[in-house]
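So the chains spell out like this:
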Amino acid sequence: MKVNDLKSRITYYKDKISEYAYHPYLSRYIKEPIIDEDKLLTYIHLFDYVRVEESSYDNYLMAVMFVQMALDTHDYVSHDNRETEVDVVRKRQLTVLAGDYYSGLYYHLLSLIHDLPFIQVLAKTIREVNEQKVRLYYGNHHSQDSMVQTFKNVETLLAYNVWCHFMTEEDSEVIVESIFVKSLRKWKENKERYFPQSAQAIAFAEKMDEEALQLTEEAHRLFLSKCEESSVAPSLCKRLENGSDQEIS
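Residues numbered from 1 in each chain as written. Predicted model: local features only at pLDDT ≥ 70, side-chain atom pairs only at ≥ 80, totals over all residues. Heavy atoms only, no water.

K.L.:
When you look at the pattern of salt bridges in this model, what are you seeing that I'm missing?
P.N.:
All chains considered together, the criterion is met by eight salt bridges. One salt bridge connects Asp 48 with Arg 9, and the closest N-O pair in it is separated by 2.8 Å. Of this pair, Asp 48 sits in helix H3 (residues 37-49) while Arg 9 sits in helix H1 (residues 6-21), placing them 39 residues apart in sequence. Residue class for Asp 48 comes out partly exposed when judged on its relative accessible area of 22%. Residue classification places Arg 9 among the buried positions, given a relative accessible area of 5%. Lys 186 is the salt-bridge partner of Asp 36, the closest N and O atoms lying 3.4 Å from each other. In this pair, Asp 36 is assigned in the loop between helix H2 (24-29) and H3 and Lys 186 in the loop between helix H8 (169-185) and helix H9 (187-194), connecting sequence segments 150 residues apart. Overall, the relative accessible area of 11% leaves Asp 36 in the buried class. Note on Lys 186: relative accessible area 26%, which makes it partly exposed. Each of Asp 36, Asp 38 and Lys 186 takes part in salt bridges that share partners, so that together they form one network. (Salt bridge = Lys/Arg side-chain N within 4 Å of Asp/Glu carboxyl O. Helix = DSSP H or I, 4+ residues; strand = E, 2+ residues; numbered from the N terminus. Buried < 20%, exposed > 50% of the residue type's maximum accessible area, 1.4 Å probe, protein only.)

K.L.:
Looking at this model, I keep getting lost on unusual backbone geometry. Mind explaining?
P.N.:
Outside of glycine, negative phi angles account for most residues, and trans bonds account for most peptide bonds. Even without glycine at this site, Arg 51 takes up a positive phi of about 60 degrees. On the secondary structure map, Arg 51 appears in the loop between H3 and helix H4 (54-74). At His 114, a residue that is not glycine, the phi angle is positive and equals roughly 60 degrees. You can see His 114 is positioned in the loop between helix H5 (86-112) and helix H6 (116-138).

It is worth stressing that arrangement in space is one thing and function is another; only the former is reported here.
Right under this line is the structure:
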């Protein structure tokens, strides 16, 4: 898409993803899927930077976002097995089904461009992120730092693995810190998704309320440090640091 305004590109892809993902039955019972704009923008920057062929660009971008949507959608499934009302149970079941449906869409899109290795990257990532989520929800963590690291893994593993498919592991560490900064800035939103369960997780979330700002500042400094150490172009680091209020050439 030949548009320099990032806000227009974000709107274009959000509309295209929503249209592609629309299912009339699911839409009757569950909310429209949430599309994470920060992560969408991250992949726009990546695929621009590595010059993905125009014929494959949309398939790559949409496939990765469908994986993100699948992972995010499953976060909104109620874990209260005491719920018995028909509508509540149906909504829970359909939310699970919606996440699986989005996973199927990524596979379909990548099969059209015959990139089996990337399909394997995303399948591996789904497994890894889900393992980290189980650990985050129910794990017996020995320290606050351990839970912070698990939360960071949940938020950044998909982007890291995607970047590693196109770039070196060292350069891909830049995106980990970039996304972690943005996740910490949206801490209150993430808190509602990730910490409804164990007493330990709730205690962790309460402590994070106090430490989120400090952690954000530390993550931002680490991001700048990774940019200096890597071979990632300064222009890309600047784009990752900035929001959508920019133009690209």
